[in-house]
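The primary structure of each chain is shown beneath.
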Amino acid sequence: MVVGRGRSAELFAAMVIGMVIRDARAVVAALADPETLYVFGVIAARTSKVGSGVSDGVRSTPYVTPFGLMRETSLSRDVVEAAAGRLKRAGLLEVRVDDEQGYESWRVSEAALAAAATRAAALRGA
């Protein structure tokens, strides 16, 4: 589907954002919590592709474990997992489950960030 600039592009961007970020209020509510914002920032910094090397032509984005977040933030596991839960419900995290170890690892949802950036650009162009 090719979408031109203007109102059609704005509606398309809003539809994509709506699919990726289910509820903007959930995003705002999640990031309004100081501990959740802190955890999100650490996850974003740890999983950023900026400065990451390319191995065999494939670039992979790492996931952050609750233990890495506990070490980095000095927050308890309960607090880290509660914050990650809020971020997941808001659509901001991708999750990888380790069934053997019994915990989740997380990274920032690039689709959610791209959708938000697209929406911001559409609003600036309006």
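Before reading on, note that the structure itself is shown above.
Let me sum up the structure you'll find in this document. (Residues numbered from 1 in each chain as written. Predicted model: local features only at pLDDT ≥ 70, side-chain atom pairs only at ≥ 80, totals over all residues. Heavy atoms only, no water.)

Examining the packing of helix H3 (residues 34-47) against helix H4 (residues 66-73)
And step 1. Where H3 contacts H4, the axes come no closer than 11 Å and their chain directions differ by 110 degrees. Between H3 and H4, the angle falls in the class roughly perpendicular. The element H3 and its partner H4 pack so that their crossing is right-handed. Together, Tyr 38, Val 39, Val 42, Ile 43 and Arg 46 of H3 and Leu 69, Glu 72 and Thr 73 of H4 make up the contact between the two elements.
And step 2. Classifying every residue of the contact of H3 with H4 by side-chain character gives 5 nonpolar, 1 polar and 2 charged. (Axes fitted to C-alpha atoms, helices over the stretch in contact; angles between N-to-C directions. Helix = DSSP H or I, 4+ residues; strand = E, 2+ residues; numbered from the N terminus. Parallel < 35°, antiparallel > 145°, perpendicular 65-115°, else oblique. Left-handed = near helix turned anticlockwise from the far one by under 90°. Contact = heavy atoms within 4.5 Å. Nonpolar A, V, L, I, M, F, W, Y, C, P; charged D, E, K, R; others polar.)

Focus on the side chain of Ser 105
And step 1. Relative to the elements of secondary structure, Ser 105 occurs in strand S2 (residues 103-108).
And step 2. Among all residues touching Ser 105, those that are not within four sequence positions of it are Tyr 63, Val 64, Thr 65, Glu 94, Val 95 and Arg 96.

Brief notes about the pattern of salt bridges
And step 1. For the structure on display, the rule yields 5 salt bridges.
And step 2. The shortest N-O distance in the salt bridge between Glu 104 and Lys 88 comes to 2.8 Å. Linking Glu 104 in strand S2 with Lys 88 in helix H5 (residues 77-89), this pair joins segments that are 16 residues apart in sequence.
And step 3. Take Glu 104: its relative accessible area is 24%, and that puts it in the partly exposed class.
And step 4. A relative accessible area of 28% places Lys 88 in the partly exposed class. (Salt bridge = Lys/Arg side-chain N within 4 Å of Asp/Glu carboxyl O. Buried < 20%, exposed > 50% of the residue type's maximum accessible area, 1.4 Å probe, protein only.)

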